[in-house]
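Given next are the chains, with one letter for each unit.
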Amino acid sequence: MGVKLGKKVWLSGKLISSSAARIGFANATLQYGFGAFEGIRAYETATGKTALFRLREHCRRLKASWNALGMKLPYSLAEIERAVKATVKANRLNEGYIRPLLFLEGLSFNPLQGTPQLMIGCWDWNDFFGGHKGAGLHMTLLPFRRMLGGQRMHNTKISGSYYVSLMARGMAARQGFQDALFSDSKGNVAEGTGDNVFLVKNKALITPPAKEILAGITRESVMEIAKKTGYRVQEKCIRPKDLLHADEAFVTGTAAEIEPIIRVDGHWIGNGKEGPITRALRGRFALIVRGKEPAYRHWLTFLK
Ligand SMILES: Cc1ncc(COP(=O)(O)O)c(C=O)c1O
């Protein structure tokens, strides 16, 4: 199952046909991974209007990732938000995934001599885990980290750093797993290749602290929803054995949404099925993103 890009992409101020959107050899993002990207979801809401989930937070993170590379945004945040909305509209996408990418044209090794560009594409993406959405994930725990080095870069979406995620996905897929979990520097469970991890033990939610992970926007949303629903939520280190003995476990992410983990390296989690707390949170989240919970309407940006 592949991903099919929508018909139009937004490139440097214009909506053009996706097949015409080509980048040249002289491109520091292609050559060195010197780029920043985001993943945003659009949902069809109860009134039939499409809304973008936490658009402002995603655009802010895009800026933070680009700034972490020492670069200034070529557009204002408001302009980027407008461009994202225009891309979704131009593709008549009712629900789907949007990918803004800041890239750098030029071959110079000095990024200040390059030309920053913004491209935005979108597509229908319901198979982030192959055909397993809703069925529960089989995952493998890898003994290495997603990001080496420090400098808080773990909390950015910088193109070049994602080779490790794709490599891990490939390793997992070859062994029949849908995703892999990375370890942190101490050997604790850190996060998935493009998602965060939670476990449920004695009705409390536990997720690794933000120190060595990309502390996702979905993770933060789920923590808030869970707390307001009355669950205890703790950010604390998860040892591999805590995960294996959890009552339930799940991942969160923009592409992943909320997905139960039912097996890790041959060990069933809980009773090997989606647990009741995961199911309740997943159901609640589905209502919130579709505008059916007024208390969370401020997380949505509606398209006119
Ligand atoms: C490594 C990694 N962890 C976690 C996440 C989840 O973040 P979010 O919920 O903001 O999509 C992502 C996706 O962006 C990711 O790439």
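Residues numbered from 1 in each chain as written. Predicted model: local features only at pLDDT ≥ 70, side-chain atom pairs only at ≥ 80, totals over all residues.

Asks: Honestly, the overall build of the chain in this entry has me stumped. Any pointers?
Replies: Helix and strand counts for the chain come out as seven helices and 18 strands. For the chain, whose C-alpha radius of gyration is 19 Å, the value lies close to the compact-globule estimate of 19 Å for 304 residues. Viewed in the frame of its principal axes, the chain has a C-alpha envelope of about 55 × 45 × 35 Å. Of all 304 residues assigned to the chain, the portion counted as buried reaches 42%. Contacts in the chain between residues at least 24 apart in sequence constitute 68% of all its contacts with a sequence separation of at least 6. (Helix = DSSP H or I, 4+ residues; strand = E, 2+ residues; numbered from the N terminus. Rg over C-alpha atoms; globule rule 2.2 N^0.38 Å. Buried ≥ 20, exposed ≤ 12 C-beta atoms within 10 Å, placed from the backbone. Contact = placed C-beta atoms within 7 Å.)

Asks: So what exactly am I meant to see when it comes to the site of the ligand here?
Replies: The immediate surroundings of the ligand are formed by 15 residues, with Gly216, Ile217, Thr218, Gly253 and Thr254 found nearest. Those elements that place two or more of their residues in the shell around the ligand are helix 5 (217-229) and strand 15 (248-253). The element contributing the most residues to the shell around the ligand is helix 5, with three residues. Looking at side-chain class alone, the shell around the ligand contains two nonpolar, eight polar and five charged residues. (Near = placed C-beta within 6 Å. Nonpolar A, V, L, I, M, F, W, Y, C, P; charged D, E, K, R; others polar.)

Asks: Help me out: how do you make sense of the packing of helix 5 against helix 7 (residues 276-289) in this one?
Replies: The relative placement of two packed helices comes down to the angle between their axes together with the axis-to-axis distance. Following both chains from N to C, one finds helix 5 and helix 7 inclined at 110 degrees, their axes separated by 11 Å at the closest point. Between helix 5 and helix 7, the interaxial angle falls into the category roughly perpendicular. Between helix 5 and helix 7 lies a crossing of right-handed hand. Seen from helix 5, the contacting residues are Val222, Ile225, Ala226 and Thr229; seen from helix 7, they are Leu281, Arg284, Phe285 and Ile288. (Axes fitted to C-alpha atoms, helices over the stretch in contact; angles between N-to-C directions. Parallel < 35°, antiparallel > 145°, perpendicular 65-115°, else oblique. Left-handed = near helix turned anticlockwise from the far one by under 90°.)

Asks: I tried to follow helix 2 (residues 55-68) on my own but got confused; where do I start?
Replies: Given 3.6 residues per helical turn, the α-helix brings residues three or four places apart onto the same face. For helix 2, spanning 14 residues, the distance from its first C-alpha to its last is 20 Å, which sits close to the expected 20 Å at 1.5 Å a residue. Among the residues of helix 2, Leu55, His58, Cys59, Arg61, Leu62, Lys63, Ser65 and Trp66 are the ones counted as buried. Count one or two residues on from helix 2 and you reach Gly70, which has phi positive near 85 degrees. (Expected span 1.5 Å × (residues − 1).)

Asks: Sorry, what's going on with unusual backbone geometry here?
Replies: Across residues other than glycine, the phi torsion is negative in most instances, and most of the peptide bonds are trans. Even without glycine at this site, Asn202 takes up a positive phi of about 50 degrees. In this model, Lys203 sits at a positive phi of 70 degrees, which is unusual for a non-glycine residue. For Lys203, the location among the structural elements is in the loop between strand 12 (196-201) and strand 13 (204-207).

Asks: Explain the packing of helix 2 against helix 3 (residues 77-90) here, please?
Replies: Interhelical geometry of helix 2 versus helix 3 gives an angle of 120 degrees and a closest axis separation of 10 Å. With respect to each other, helix 2 and helix 3 are oriented oblique. Where helix 2 crosses over helix 3, the two elements pack in a sense that is right-handed. Note on element contacts: helix 3 touches helix 2 through Leu77, Ile80, Glu81 and Val84, opposite Leu55, Cys59, Arg60, Leu62 and Lys63. Classifying every residue of the contact of helix 2 with helix 3 by side-chain character gives six nonpolar, no polar and three charged.

Asks: Which parts of the structure should I look at to understand the pairing of strand 13?
Replies: Consecutive residues of a regular strand have side chains that alternate between opposite faces of the sheet. Relative to strand 13, strand 12 runs antiparallel, the two sharing three bridges. Within strand 13, the residue paired with Leu199 across the bridge is Ile206. Remark: two residues form the turn of the hairpin made by strand 12 and strand 13, two consecutive strands paired antiparallel; Asn202 in that turn has positive phi of roughly 50 degrees. In this sheet, strand 14 (residues 232-235) lies alongside strand 13 in parallel orientation, the contact comprising four bridges. Paired with Ile206 across the two strands is Gln234, which belongs to strand 14. Handedness of the β-α-β unit built from strand 13, helix 5 and strand 14 comes out right-handed. (Pairing = 2+ DSSP bridges. Right-handed = clockwise from strand over helix to strand, strands pointing away.)

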